[in-house]
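Each chain, written out:
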Amino acid sequence: MAIAKSLSRVAAVIGIGESDYVGDHARVRAGERPHDSYGYAAIAFNKALKDAGIERDDIDGLIVGPTIAYERMGELLGINPTWGSQADAMLSVIEACMAIQTGMAEVVALVYGNDQRSAAIQYGGPEAMGGNMFLSYIYHAPWGFTSQGALYAMMFQRFMALTGCTEAQLGEVAVAQRLHASLNPHALMKKLITIEDYMASRYICEPLHLFDYCLINDGGVALIITSSDYAKRNAKKKPVLIHGVGRYDANKGATSLEPRLLDFYRPAQERCAEQVFNMAGLGPKDIDAVQIYDSFSCHVPLALEGYGYCATGDVGRFMAEEGISLKGKLPVNTGGGHLSETYMQGWNHQVEAVRQVRGEGGGRQVENCRFVHYNSDVAGKAVSIIYGS
Amino acid sequence: MANSQAVISLYDEPMWESIRAHDWKLQQCDDCSEFRYPPAANCPHCLSMDYHWKPLKGRGTILSWVIYHRQYFDNFPPPYNVVAVQLDEGPIVMSNLVGPEPEGNWVGLKVEICYGEDVAIGTVPKMRLIQQSA
């Protein structure tokens, strides 16, 4: 496989913005609908511009998230770009780097908004979201097999049976991320929990407990990504460079869950890891904090093994003994992640990575944080990004 | 809430017809002999468009299992199980294990296809444990 190296340090994040997760969630729970998806996105975009110290008219590239329509978002933000796209959080960062590298655009706005809570979006059952994109989300309904959580429950049950990893060890993820959320003013769930609380919580789809599932809430996120040169000349704050990106998709047998059940996505993560670490000229030992897409807690142990942060078959012990919280060896999901901060489908992880590299983590800041590795394996699409100073 | 429904593409209909006849068939590639699931126009293994419908021998091995404690469909009140079974022919299917549930680890247990009736879908293939011979 050819290792792409040409995107390293080509682009940098110079602006981040988020809606008010905590305030909006309280309003939604009180029965209000504060904004629609476009409204949340516009709030985040305004904040990101201000954070970057640039003007709207400086933007010449636009990427919108999958939950909003590209043209309408561009219309509402008043942007006629030279290049545009629609993509999820992780691919939009990679696409922005590619657009900048090829000269299609120089200052790219990445914009996401989602009113999933107030609009009562369902991720399981008869109206399960995403079935048009992922056949596995709906194909097994005749056997009552629905909700993305169940797909991961099926995967992790087998992982436990084959490796000896336990439910209590998986609980380390929810406990660590809740600790991080308690130190994050933007996080929705700040009440600390223990392994005992985790084990006592109800099952949703056994072996996964309530605390293994992500939140469902409204919000918006925006990032401004530009060329390293433009960033040096114009950014208000220290630019956060994108040192490496990687991707490898496990599509074969996806609807039958073959990449999940037979491989635990491992070959995809290993190929992706090879690319991202080679591009950045770094390895797992150089990484100060890890962000992992955690729609469900079990993404975390699978990724820690897949990306080489611990030995194969050792992740249960690694999480329990060496630790994945700010107090442990390898801080993971330092903002609280999807489980405890906000479910912005990977977008909030990019913001947290930038904050940590900037040193803006406040009470949850990782000391001397130089490199943050983000990765995700949504439906077998392994994607990695390394942010650094 | 509502009942669960099957996804019926052009290629699913013959499969469900075979299920209603209690003789579950999948497409087997005429060129490379691989079975495919879910049904589709082409063979994902060799891309051939030529296939025939072949009855399954009816046996497989449990790869994993889950127990639902939350209700998502009217026709599936919890608790209920879902098993992932690798058929002897190769494909992995999701199903429900009927009869007494095993204690402890289900991975590796041998199962055979049987048929159940669902209020919404009609005949649905299920799995039951094969008695382990001494």
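This text gives an overview of the structure that appears in the document. (Residues numbered from 1 in each chain as written. Chains lettered and ligands numbered in written order. Predicted model: local features only at pLDDT ≥ 70, side-chain atom pairs only at ≥ 80, totals over all residues. Heavy atoms only, no water.)

On to the packing of helix α6 (residues 167–182) of chain A against helix α12 (residues 315–322) of chain A, then. All names here are of chain A. Closest axis-to-axis distance for the α6/α12 pair is 9 Å, and the angle between their directions is 50°. Classified by the angle their axes make, α6 and α12 are oblique. Between α6 and α12 lies a crossing whose hand is left-handed. Here Q169, L170, E172 and V173 of α6 lie close against α12, whose contacting residues are G316, R317, M319 and A320. A class-by-class count of the residues in the contact of α6 with α12 yields 4 nonpolar, 2 polar and 2 charged. (Axes fitted to C-alpha atoms, helices over the stretch in contact; angles between N-to-C directions. Helix = DSSP H or I, 4+ residues; strand = E, 2+ residues; numbered from the N terminus. Parallel < 35°, antiparallel > 145°, perpendicular 65-115°, else oblique. Left-handed = near helix turned anticlockwise from the far one by under 90°. Contact = heavy atoms within 4.5 Å. Nonpolar A, V, L, I, M, F, W, Y, C, P; charged D, E, K, R; others polar.)

Below, the discussion takes up the nonpolar core. Ranked by internal contacts, the top residues of the largest apolar core, which has 120 residues, are A:F145, A:L304 and A:Y387. Counting 25 residues, the second-largest nonpolar core is a separate cluster that includes A:L49, A:V64, A:I68 and A:M73. (Core = buried A, V, L, I, M, F, W, Y, C linked by side-chain atoms within 4.5 Å. Buried < 20%, exposed > 50% of the residue type's maximum accessible area, 1.4 Å probe, protein only.)

This part covers the sheet that holds strand β2 (residues 61–64) of chain A. Residues and elements named next belong to chain A. Here 9 strands make up an open sheet; going across it, the order is β3-β2-β4-β7-β1-β8-β11-β10-β9 and the pairing mixed. The sheet is open, and its two edges are formed by β3 (83–86) and β9 (289–292), each paired on a single side. With strand direction ignored, the average angle separating the axes of adjacent strands in the sheet is 25°. In terms of strand pairing, β2 meets strand β4 (residues 107–114) through 4 bridges, oriented parallel. Bridging across to β4, I63 finds its partner in L110. Here helix α14 (residues 347–358) sits on the sheet and contacts β1 (11–18), β4, β7 (219–227), β8 (240–249), β9, β10 (371–378) and β11 (381–388); the angle it forms with β1, its principal contact strand, is near 115°. (Pairing = 2+ DSSP bridges.)

This part is about the sheet that holds strand β1 (residues 25–29) of chain B. All names here are of chain B. Overall, antiparallel pairing links the 3 strands, which are arranged β2-β1-β3 in an open sheet. Among the strands making up the open sheet, the edge pair consists of β2 (35–36) and β3 (51–55). Examined bridge by bridge, β1 and β3 share 5 bridges and lie antiparallel to one another. Bridge pairing in β3 places C29 opposite Y51.

What follows deals with the packing of aromatic side chains. Enumeration over the complete set of coordinates arrives at 16 aromatic pairs over all chains. Seen from their ring centres, A:Y123 and A:Y343 are 6.2 Å apart, and the 75° between their planes marks the pair as edge-to-face. Pair noted here: A:Y123 is in the loop between β4 and α5 (148–163) and A:Y343 is in the loop between α13 (337–340) and α14, with a separation of 220 residues, a long-range link. The class for A:Y343 is buried, based on a relative accessible area of 4%. Considering the side-chain rings of B:Y68 and B:Y72, the 5.9 Å spacing of their centres and the 90° angle between planes classify their relative orientation as edge-to-face. The same class applies to B:Y68 as to B:Y72, namely buried. Taken together, the aromatic side chains of B:Y68, B:Y72, B:F73, B:F76 and B:Y80 make up a single cluster linked through ring pairs. Against the face of A:Y152 rests A:R260, its NZ or CZ located 4.6 Å from the ring centre. (Phe/Tyr/Trp six-rings, centres within 6.5 Å; stacked < 30°, edge-to-face > 60°. Lys NZ or Arg CZ within 6 Å of the ring centre and 35° of its normal.)

Here the focus is the environment of A:I386. Residue and element names in this part refer to chain A. Mapped onto the elements of the fold, I386 is located in strand β11. Exposure remark for I386: the relative accessible area of 0% places this residue in the buried category. Placed 133 residues apart in sequence, I386 and G253 show a C-alpha to C-alpha distance of 29 Å. If near-sequence neighbours (up to four positions away) are discounted, I386 is found in contact with L241, I242, H243, G244, V276, F277, A280, L282, I287, F371, V372 and H373.

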